[in-house]
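Structural overview
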Amino acid sequence: MMSIEEDVFIGAIDQGTSSTRFIIYDKSAKPIGSHQVEFTQFHPQAGWVEHDPIEILESVKVCMTKAIDKATANGFQVDKGLKAIGLTNQRETTLVWSKSTGSPLHQAIVWMDVRTASICRRLENELSGGRTHFVKSCGLPISTYFSALKILWLMENVDAVKEAIKKKDALFGTVDTWLIWNLTGGVNGGLHLTDVTNASRTMLMNLKTLRWDESTLKTLTIPPEILPKIVSNSEVIGNIAAGWPISGMPISGCLGDQHAAMLGQVCRKGEAKSTYGTGAFILLNTGEGVVQSKHGLLSTVAYKLGPNAPTNYALEGSVGIAGAAVQWLRDGLGLISNAAELEAMALAVESNGGVYFVPAFNGLLAPWWRDDARGVFIGFTGHTNKGHLARAVLESICFQVKDVIDAMHKDSGADQSNKEEFLLRVDGGATVNNLLMQTQADLLATPVIRPVDIETTALGAAYAAGLAVGVWKEDYIFDSKDKLQNANIFRPLMAEDLRKKKADSWLKAVSRSFDLADLS
Ligand SMILES: Nc1ncnc2c1ncn2[C@@H]1O[C@H](COP(=O)(O)OP(=O)(O)OP(=O)(O)O)[C@@H](O)[C@H]1O
Ligand SMILES: [Mg+2]
């Protein structure tokens, strides 16, 4: 029998790009109940990706209810012990809704959507600083990726948005903001909030002041009154309203998914993680100073664990398509019936047989920043079979991560021969694939370390929430000895000359993917 003191739980909503989860953790940060649902990806045109904001809300509700039911059925007194919940979410995805009715004024425009390419070109041409005009303030180049561009598209193309802005009835939010507003009451007093990490992906927040940047808003003509208030990652921000499961429960942590994964991996200054979900996101904690990349990486907030806590920053390389390429093999091509089949198919051949794949479905993000790139498969011969395709897809994920890590090494001026000392912490759904992990270590020439719990995104949100309500102390969270104890380490085994040859072949393939957006 558990004692009453032990009945302490923290919940985490993880609203990702492909799926939503709710995970409940006990006091030792072990998951004791969870539920996950996939939701619809809309592709109304080539390069466009949308989500239904209402379906997202429903997915959160279902996951909360079912995870609580499962944990309760397993004997955990969640109703008594749950202290707070944290929230983490797909970043940059942009919503505008009506303050008075609560209705979305358009589908959510997803981070990987490239409909704003022409707005980007226009701004790059008009602004004195070109593509890097706003980098000094927000750490980001002008790119289809970030929310500000998506807001401009909605302001220019959607009548309902134009009218609501005129009537001062429009609210903008990333997914965290949409969820918090609805979870805290919606039209009945919902709180219009975001956190520093999500705000750092809009292009509109000044990285140093952690406030909306007035000059950026003016230049882009984005009305400040549609923007949410910015809070830290770990503080009680509100309580769940009636109509939701666990109404009255405090929401005490909020971070963008990649920042949450970084906290879940307890990355301190100098430590890096790579998360393999829909995309792949590599973040290196650079401590309390903003580091500006010279090699195509972003500067972003890592985390700020309390209103008065110091801010940690990060260098980030974002890869748009990682696990999504595996989903495409399953749903687009029907080559596999589930993601787990990929490893066996790839292991049926010894090498990629000279086949390379660049999954530039929506252009390429870091470090290339080419929204004109599209996917290419190259190097086919009569000898090519589906095993080679499977290998090429796995390798494409690892090469894209390698391109980012190489840029990080260049930015930090690290001696390339010291790469063995660099250790990459990995997490996310695709890391169950051992061949993927071994390939990553081989191509990087760096050990890769995979923790037992690969759901570090939700874990990070739980840590932030638990910290704010006193369930955990910062020392406990950052004591990583335990967490890495049973981790799997993949060490590089590939011969150096082969690694170099393969890296050259990959770069050749990447160059072939450019300037293909106008194929018809
Ligand atoms: N065995 C496997 N090999 C390769 N990829 C896999 C494997 N299993 C799952 N994946 C991929 O991992 C991804 C799912 O990972 P995860 O559950 O972390 O994503 P997610 O959290 O839903 O994504 P996001 O947070 O980006 O929305 C899918 O894209 C899937 O194709
Ligand atoms: Mg995720």
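1. Quick word on the site of ligand 1
In the vicinity of ligand 1 there are 19 residues, among which Thr17, Ser18, Arg21, Thr278 and Gly429 approach most closely. At a separation of 3.0 Å, an oxygen atom of ligand 1 approaches a polar side-chain atom of Ser19. Contact distances for ligand 1 include 2.4 Å between an oxygen atom and a side-chain N or O atom of Arg21. Expressed as a share of its isolated accessible area of 640 Å², the protein-covered part of ligand 1 is 87%. Secondary-structure elements contributing two or more residues to the shell around ligand 1 are strand S2 (19-25) and helix H11 (323-332). If one sorts the elements of the shell around ligand 1 by residue count, H11 sits on top with four residues. In the shell around ligand 1, the residues fall into seven nonpolar, eleven polar and one charged.

2. Focus: the confidence of the model for the protein chain
On average, the protein chain scores 93 in pLDDT, and the residues at 70 or more come to 96%. Counting interchain partners and residues more than four positions distant, the pLDDT-below-50 stretch residues 1-5 has three contacts.

3. Notes on the environment of Gly173
Within the secondary structure layout, Gly173 lies in strand S8 (residues 170-173). Overall, the relative accessible area of 0% leaves Gly173 in the buried class. For Gly173 and Ser274, which are 101 residues apart along the polypeptide, the C-alpha to C-alpha distance reads 26 Å. Beyond its immediate stretch of four places on either side in the chain, Gly173 contacts Thr93, Thr94, Leu95 and Trp97.

4. Overview of the layout of surface pockets
Its boundaries defined by the atoms lining it, the largest pocket holds a volume of some 800 Å³. Lining the largest pocket are 43 residues, with Tyr276, Gly277, Thr278, Gly429 and Ala430 sitting closest to its centre. Within the residue set of the lining of the largest pocket, elements represented by two or more residues are S2, strand S3 (31-38), helix H10 (257-264), strand S13 (272-276), H11, helix H12 (341-347), helix H13 (386-412) and helix H15 (456-468). Per-element accounting of the lining of the largest pocket gives the leading share, five residues, to H11. Here the lining of the largest pocket is composed, by residue class, of 15 nonpolar, 18 polar and ten charged. Along the wall of the second largest pocket there are 23 residues; nearest its centre are His43, Met112, Ala324, Trp328 and Phe361. Considering every element that reaches the lining of the second largest pocket, the biggest residue donor is H11, with six residues.

5. Regarding the packing of helix H5 (residues 147-157) against helix H6 (residues 159-166)
Look at H5 against H6: their axes get within 5 Å of each other, and the N-to-C directions meet at 95°. Judged on the interaxial angle alone, H6 and H5 are roughly perpendicular. From H5, Leu154, Met155, Glu156 and Asn157 reach across to H6, where they touch Asp159, Val161, Lys162 and Ile165. Among the residues making up the contact of H5 with H6, the classes are represented as four nonpolar, one polar and three charged.

6. Description of unusual backbone geometry
Across residues other than glycine, the phi torsion is negative in most instances, and most of the peptide bonds are trans. For the bond from Ala366 to Pro367, the omega torsion is -10°, close enough to zero to count as cis. Secondary-structure assignment places Pro367 in the loop between strand S17 (356-358) and strand S18 (376-378). With a phi close to 55°, Lys168 is a non-glycine residue in the positive phi region. Its place among the elements puts Lys168 in the loop between H6 and S8. The exposed category is assigned to Lys168, whose relative accessible area is 54%. Although it is not a glycine, Trp369 sits at a positive phi angle of roughly 50°. With respect to the helices and strands, Trp369 occurs in the loop between S17 and S18. Trp369 sits in the buried class, given a relative accessible area of 14%.

Calculation criteria
Residues numbered from 1 in each chain as written. Chains lettered and ligands numbered in written order. Predicted model: local features only at pLDDT ≥ 70, side-chain atom pairs only at ≥ 80, totals over all residues. Heavy atoms only, no water. Near = heavy atom within 4 Å. Polar contact = N/O pair within 3.5 Å; in protein donor to acceptor, adjacent residues only side chain to side chain. Areas by Shrake-Rupley, 256 points an atom, 1.4 Å probe, with all protein chains shown as cover. Helix = DSSP H or I, 4+ residues; strand = E, 2+ residues; numbered from the N terminus. Nonpolar A, V, L, I, M, F, W, Y, C, P; charged D, E, K, R; others polar. pLDDT = per-residue confidence, 0-100. Contact = heavy atoms within 4.5 Å. Buried < 20%, exposed > 50% of the residue type's maximum accessible area, 1.4 Å probe, protein only. 1 Å grid on protein atoms, 1.4 Å probe; cavity = no way out; pocket = protein on both sides within 12 Å on 5 of 7 lines; lining within 4 Å. Points joined across faces, edges and corners; volume = space filled by probe spheres on them. Axes fitted to C-alpha atoms, helices over the stretch in contact; angles between N-to-C directions. Parallel < 35°, antiparallel > 145°, perpendicular 65-115°, else oblique.

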